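Now for the letters of each chain:
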Amino acid sequence: MITQQILRRWASLALGVGVLIAGAALAPRVTQAETNPAPAETTLPEVWQPASQADQALIWRFVLQSPMGVAALNQLAIEGFISPVCEKTLYTHEVYESFQTLLRVQCPTPGGVSTARAYDEMRVTFNRFEDTIEGFDVERIYTD
């Protein structure tokens, strides 16, 4: 009985460490543009088209069933952009369609992990191969 409890605890600890290591390996790259952000326009480039209802269901399925998609959502949650009051809009690429999608999250109050400078909007670009999100880029939109 006691050995089973110890074994379960060690297994849980090993699983937790494995999740941490996997999360660190899958973390998005921090680019020079993110470390020295310039004020950006809140309008989207013309290549982004609003996703249809059918595309939205498909995109959410890919995001939620892919480790990289969940990692992107975790990044949004860490920075305070997962909230019922935040407006979430999905867009598909004009050329690549649902193989490259954009999740635009706009909140009524500025958020972010920095206390020095908050931002009103986050954009996550998902790149998909077949049924799996292969990578994502996070863009923080500052308004001055």
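Everything below is about the structure printed above this text.
This report concerns the structure included in the present document. (Residues numbered from 1 in each chain as written. Predicted model: local features only at pLDDT ≥ 70, side-chain atom pairs only at ≥ 80, totals over all residues. Heavy atoms only, no water.)

### Topic: the overall build of the protein chain
Next, step 1: Helix and strand counts for the protein chain come out as four helices and five strands.
Next, step 2: Reading the protein chain from its N terminus to its C terminus gives the helix and strand order α-α-β-α-α-β-β-β-β.
Next, step 3: Within the protein chain, buried positions represent 29% of all 144 residues.
Next, step 4: Contacts in the protein chain between residues far apart in sequence, at least 24 positions, make up 56% of those at least 6 positions apart. (Helix = DSSP H or I, 4+ residues; strand = E, 2+ residues; numbered from the N terminus. Buried < 20%, exposed > 50% of the residue type's maximum accessible area, 1.4 Å probe, protein only. Contact = heavy atoms within 4.5 Å.)

### Comments concerning unusual backbone geometry
Next, step 1: Backbone geometry places Glu 97, a non-glycine residue, at a positive phi of 50°.
Next, step 2: With respect to the secondary-structure elements, Glu 97 resides in strand 3 (residues 97-111).
Next, step 3: Under the relative-accessibility criterion, Glu 97 is labelled exposed at 52%.

### Examining the sheet that holds strand 1 (residues 48-50)
Next, step 1: One open sheet accounts for five strands, arranged 1-2-3-4-5; its pairing is antiparallel. Only two strands of the sheet have a single partner each, and these edge strands are strand 1 and strand 5 (132-141). Going across the sheet, the axis of each strand differs from the next one's by a mean of 30°, ignoring polarity.
Next, step 2: When strand 2 (residues 87-93) meets strand 3, the two strands line up antiparallel, connected through seven bridges. When the bridges of strand 3 are listed, His 93 appears paired with Glu 97.
Next, step 3: Packed on one face of the sheet, helix 4 (residues 67-78) meets strand 3, strand 4 (119-129) and strand 5 and runs near 20° to strand 5. (Pairing = 2+ DSSP bridges. Axes fitted to C-alpha atoms, helices over the stretch in contact; angles between N-to-C directions.)

### Side note on the nonpolar core
In globular proteins that are soluble, nonpolar side chains generally tend to be buried together.
Next, step 1: With 22 residues, the main nonpolar core has Leu 76, Phe 81, Leu 103, Val 105, Val 124, Phe 126 and Phe 136 as its most contacted residues.
Next, step 2: Elements with a minimum of two residues in this core: helix 3 (53-64), helix 4, strand 3, strand 4 and strand 5.
Next, step 3: The residues touching Leu 103, leaving out its near neighbours within four places in the chain, are Trp 60, Leu 73, Leu 76, Lys 88, Thr 89, Leu 90, Met 122, Arg 123, Val 124 and Phe 126. (Core = buried A, V, L, I, M, F, W, Y, C linked by side-chain atoms within 4.5 Å.)

### A short note on the state of the cysteines
By definition, a disulfide links the sulfur atoms of two cysteine residues through a covalent bond.
Next, step 1: Per the counting criterion, the structure on display carries one disulfide.
Next, step 2: Here Cys 86 pairs with Cys 107 through a disulfide, and the sulfurs are 1.9 Å apart. An S-S torsion of about 100° defines the bridge between Cys 86 and Cys 107 as right-handed. In this pair, Cys 86 sits in the loop between helix 4 and strand 2 while Cys 107 sits in strand 3, placing the two residues 21 residues apart along the sequence. As far as the burial class goes, Cys 86 and Cys 107 line up, both buried. (Disulfide = S-S within 2.5 Å.)

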